[in-house]
Amino acid sequence: MMTPSEPGLPPSEPPRAAPAVSGGDRRLHPLSWLFVLIQQLKQFALPLLVLLFTGRGNAWELWGLVGAGMLVSYSLLTYFTYRFRIEDDAIVIRSGVMQRTVRNIPFERIHNVALHQTLLHRLAGVAEVRLESAGGVKPEGEMRVLSLADAQILEELVRGHVAGTGDDSAGDHGATAPPRILLQLPMAEVVRLGLISNRGMIVVAAAFGLLAQTGETFGDLMEASARLLVGWAKEQHLDGAATVIGAIGLFVAAVLAMRILSVALALLQFHGFTLSESGRRLSAERGLLTRLRASLPRHRIQAWSLRETLLHRWFGRQSLRVDSANPQTGGDDRALRDLAPVAPPDTVNALIHHLLPGASWPLRQWHRLHPRAWRRQFTLPALLTLAGSAGLAWKEGLPGLWLLLLLPVWLLRARVWARHAGYTLESGLVAVREGWLDRRWRFAEVRKLQAVKLSRSPLDRWQGMATLWLDTAGASPFDMPLRIRYLPVNEALALRDRLAPAMEAPATPARTPA
């Protein structure tokens, strides 16, 4: 187990006392009905606004008030009919207005306790709690809302039960083990994350997509803005050089605005980011206005994604994410996926080494792909470029042939990609690396692979290659898939036969906190 003096990891926090268990049925926080009402109003806000502001002085405009009254009544009924009870090994939840349901949720099924606090939650001293299991597409239980103290006690109880089961996933120190801080992001690091990321571009693209749905209104606005800009330039009697300088200035201003927006979004999402460990459970807390806290047992981690873009290297940083054994976490911003949103490479390496017992990270024995992998990478974009150029030439004439200038670009890209791509099977891990400017590593413990599939497309068969797809639980569609592309067929078959019997190997004995 890594000690506080080892590089890359800060010291642990002082011990916290284990929470006491209180029996009997309990209600939610007295303000719970208000937050349920707010959630309902979000869903019906648009129809209610239409009824309230488009009425013509008749009785129909009162339906908005009737609807609001019904939502208030429903929220109050939800509060008075919701009960939960904490037992020795489970949580029992009774809920429902018209249809009563009783859910018995064993602690061993809960792999994540997510605490969600908006600014309003924080002002009221409450939190929304979600109890998530490994196999469900919806939370096992959702408590909207508990007092912050009760939410923290519930989180400690789940952690204490897992730590006290005595299995491989637990650890030996129980709920009284002091939480150990593995990573904290100060303000400067969050600002670096904003400068590195492209979150601002994503928001702007989404805004343009939303405005584009307005049809002619958006087009008219863009056309009027362009005419205004051109008219101003003509009034200033700008020559060619001044026009080019002005265009460059506008571009630079747009880039700066994007980066400022990215920094603002990073601060909102990752301000105060703290990754800690208690026993065998990881917890992360983050957020400026809305505070989120999620936890995850270490044995639920299925696969790892390490990224290093060109901007990462300029700042001397990397980013580390994980997939957990829960299919609902793919697009859920409340789930614990970012172990290190941004951190120096030494810190990331220390974190991986700490969480993967027996793995000697970074891995060294990388194997090259097929000698003609660059040709396979070049073939598809080249064919598409030729087809596009032929179509443009047929329609526009000789100007369509300018598209052929992309062929040397695709060739250089394929050569560089093949030179830096590789895979390895080392220290119980299977890992893939790709990219040059945007470097990505994807790896997983072999014993946690769900399936190994060999595929060969027509282009693969033409080049004598094959691709191995390595499936893990909870894989995100937004991350690079865990696959080994463009292997010689015999090598792919041998690797598949080697991985298959190792998928159910016993786990490496885990280290526990000192």
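Residues numbered from 1 in each chain as written. Predicted model: local features only at pLDDT ≥ 70, side-chain atom pairs only at ≥ 80, totals over all residues. Heavy atoms only, no water.

Caption draft 1: Expanded view of the nonpolar core. Counting residues in hydrophobic clusters, the biggest one holds 40 residues, and the most contacted among them are Leu275, Trp304, Leu320, Leu339, Leu351, Trp361 and Phe443. In this view, Leu275 contacts Arg180, Ile181, Leu182, Leu183, Ser283, Ala284, Leu339 and Leu351; residues no more than four positions away in its chain are not counted. Counting 27 residues, the second-largest nonpolar core is a separate cluster that includes Ala373, Trp374, Val430 and Leu495. (Core = buried A, V, L, I, M, F, W, Y, C linked by side-chain atoms within 4.5 Å. Buried < 20%, exposed > 50% of the residue type's maximum accessible area, 1.4 Å probe, protein only. Contact = heavy atoms within 4.5 Å.)

Caption draft 2: Spatial organisation of helix α11 (residues 373–396). In a regular helix each residue adds 1.5 Å, so 24 residues correspond to 34 Å; α11 covers 35 Å between its end C-alpha atoms and thus fits that length. Along α11, the sharpest change in direction is near 30° and occurs at Thr379; proline Pro381 comes one to four residues later. All of the buried residues in α11 are Ala373, Trp374, Arg376, Gln377, Phe378, Thr379, Pro381, Ala382, Thr385 and Ser389. (Helix = DSSP H or I, 4+ residues; strand = E, 2+ residues; numbered from the N terminus. Expected span 1.5 Å × (residues − 1). Bend = angle between axes of the 7 residues up to and from the residue.)

Caption draft 3: Layout of a positive patch on the surface. Together, Arg368, Arg372, Arg375, Arg415 and Arg419 make up a positively charged patch on the protein surface. Under the relative-accessibility criterion, Arg415 is labelled partly exposed at 41%. (Patch = residues over 30% accessible without salt bridge, like charges linked within 9 Å, V, L, I, M, F, W, Y side chains within 5 Å. Areas by Shrake-Rupley, 256 points an atom, 1.4 Å probe, with all protein chains shown as cover. Salt bridge = Lys/Arg side-chain N within 4 Å of Asp/Glu carboxyl O. Lys, Arg positive; Asp, Glu negative; His and termini not counted. Charge placed at Lys NZ, Arg CZ, Asp CG, Glu CD.)

Caption draft 4: Highlighting unusual backbone geometry. Going from Arg144 to Val145, the amide bond is cis rather than trans, its omega being 10°. Mapped onto the fold, Val145 is located in strand β6 (residues 141–147). Of note, the phi angle at Ser427 is positive, near 55°, even though the residue is not glycine. Note on placement: Ser427 falls in the loop between β14 (422–426) and β15 (429–434). Taking the relative accessible area as the measure of exposure, Ser427 reaches 33% and is therefore partly exposed.

Caption draft 5: Highlighting the environment of Ser295. Along the chain, Ser295 falls in strand β10 (residues 291–297). With 11 residues separating them in the primary sequence, Ser295 and Ala284 have C-alpha atoms 6.4 Å apart. Non-local contacts of Ser295, meaning those with residues more than four positions away in its chain, are made with His111, Asn112, Val113, Glu155, Arg281, Leu282, Ser283 and Leu336. Within polar-contact distance, the side chain of Ser295 engages the side chain of Arg281 at 3.1 Å. (Polar contact = N/O pair within 3.5 Å; in protein donor to acceptor, adjacent residues only side chain to side chain.)

Caption draft 6: Just the environment of Thr290, in detail. On the secondary structure map, Thr290 appears in the loop between β9 (281–286) and β10. The class for Thr290 is partly exposed, based on a relative accessible area of 29%. For the pair Thr290 and Thr118, spaced 172 residues apart in the sequence, the C-alpha separation amounts to 4.0 Å. Beyond its immediate stretch of four places on either side in the chain, Thr290 contacts His116, Gln117, Thr118 and Leu119.

Caption draft 7: Expanded view of the pairing of strand β18 (residues 465–471). Here β18 lies mainly inside the structure; 5 of its 7 residues are buried. Pairing analysis gives 5 bridges linking strand β17 (residues 451–455) to β18, with the strands arranged antiparallel. Following the sheet pairing, Leu454 is matched in β18 by Leu468. As paired elements, β18 and strand β19 (residues 483–488) share 4 bridges and run antiparallel to each other. Along β19, the bridge assignment pairs Leu468 with Ile484. (Pairing = 2+ DSSP bridges.)

Caption draft 8: Up close: helix α12 (residues 406–420). With 15 residues, α12 extends 21 Å between its outermost C-alpha atoms, agreeing within 8% with the 21 Å of an ideal straight helix rising 1.5 Å per residue. Within α12, the full set of buried residues consists of Ala414, Val416, Trp417 and Ala418.

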